[in-house]
Structure formats: structure tokens, C-alpha cells
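Residues per chain, in single letters:
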Amino acid sequence: MDGLALLGLILIVYAAAVIFITVKKPEQVWNMAKIKMFRKLLGEKGTEIFFYLFALAAAGFGIWLLVK
């Protein structure tokens, strides 16, 4: 496994973690200062959509790196 494939795998795992956090909203993570800032600027639903799109981009890039 080369470095780019490993990075692709890490990005896919990261995307899964972001989706898990967005769905479950664990108290310790969801109340972090950076996420609170996103919730203040974008609202609750906007923050969820942003995280889903971010996870989708990370997963897409990770898959691209794996098949490249």
C-alpha cells in the first residue's frame, strides 16, 4: 500500500466518523467551541448539512485516491 492509498483510507474513515458524530451528536463533541460557532452561524440544520457535505467530499476524495 502506497502513501496515497493510505491517505485515501484515512479520509474514508474520517468521513465515517464525521457522519457518526453528525447523526449521534455526542454531547462532548457537539458542544465544542468550533461546532458551537458553526451552529450559531449556520443554525442546527445548516451545520448538519455542512458536515454531511464535508464528509461526502472527504469520502469522495478518499475513494479517488484509492482507485488512482
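See the structure printed just above.
Small disclaimer: the values here were computed from a predicted structure and weren't measured.

*Asks:* Describe in detail the side chain of Thr 22, supporting the description with residues and values.
*Replies:* Relative to the helices and strands, Thr 22 is located in helix H1 (residues 3-24). At 2.8 Å, the side chain of Thr 22 and the backbone oxygen of Val 18 are in polar contact. Every residue in contact with Thr 22, bar those within four places of it in the chain, is listed here: Trp 30, Glu 48, Phe 51 and Tyr 52.

*Asks:* How would you summarise helix H3 (residues 33-67) if you had to cite specific residues and measurements?
*Replies:* Its 35 residues place the ends of H3 only 36 Å apart at the C-alpha level, less than the 51 Å of an ideal helix rising 1.5 Å per residue. The sharpest bend along H3 measures roughly 110° and falls at Leu 42. Burial in H3 covers these residues: Ile 35, Thr 47, Glu 48, Phe 51, Ala 55, Ala 58, Ala 59, Gly 62 and Leu 65. Close packing links the buried residues of H3 with H1 and helix H2 (27-30).

*Asks:* A description of the pattern of salt bridges should follow, citing residues and the corresponding values.
*Replies:* Counted under the stated rule, the structure contains 3 salt bridges. Lys 25 is the salt-bridge partner of Glu 48, the closest N and O atoms lying 2.4 Å from each other. With Glu 48 in helix H3 and Lys 25 in the loop between H1 and H2, this pair connects stretches of sequence that are 23 residues apart. Judged by its relative accessible area of 11%, Glu 48 falls in the buried class. On the basis of relative accessibility, which here comes to 28%, the residue Lys 25 falls in the partly exposed class. It is possible to trace a salt-bridge network through shared partners that takes in Lys 25, Lys 45 and Glu 48.

*Asks:* Tell me about the packing of aromatic side chains, and please be specific about residues and values.
*Replies:* Applying the stated criterion to the full structure yields 7 aromatic pairs. Taken together, a centroid distance of 6.2 Å and an interplanar angle of 75° make the contact between Tyr 14 and Phe 54 edge-to-face. On the criterion of sequence distance, the pair formed by Tyr 14 in helix H1 and Phe 54 in helix H3 is long-range, its members being 40 residues apart. Take Tyr 14: its relative accessible area is 41%, and that puts it in the partly exposed class. What makes Phe 54 partly exposed here is its relative accessible area of 40%. A connected cluster of aromatic rings, assembled from ring pairs, spans Tyr 14, Trp 30, Phe 38, Phe 50, Phe 51 and Phe 54.

Parameters at a glance
- Residues numbered from 1 in each chain as written.
- Predicted model: local features only at pLDDT ≥ 70, side-chain atom pairs only at ≥ 80, totals over all residues.
- Heavy atoms only, no water.
- Helix = DSSP H or I, 4+ residues; strand = E, 2+ residues; numbered from the N terminus.
- Polar contact = N/O pair within 3.5 Å; in protein donor to acceptor, adjacent residues only side chain to side chain.
- Contact = heavy atoms within 4.5 Å.
- Expected span 1.5 Å × (residues − 1).
- Bend = angle between axes of the 7 residues up to and from the residue.
- Buried < 20%, exposed > 50% of the residue type's maximum accessible area, 1.4 Å probe, protein only.
- Salt bridge = Lys/Arg side-chain N within 4 Å of Asp/Glu carboxyl O.
- Phe/Tyr/Trp six-rings, centres within 6.5 Å; stacked < 30°, edge-to-face > 60°.

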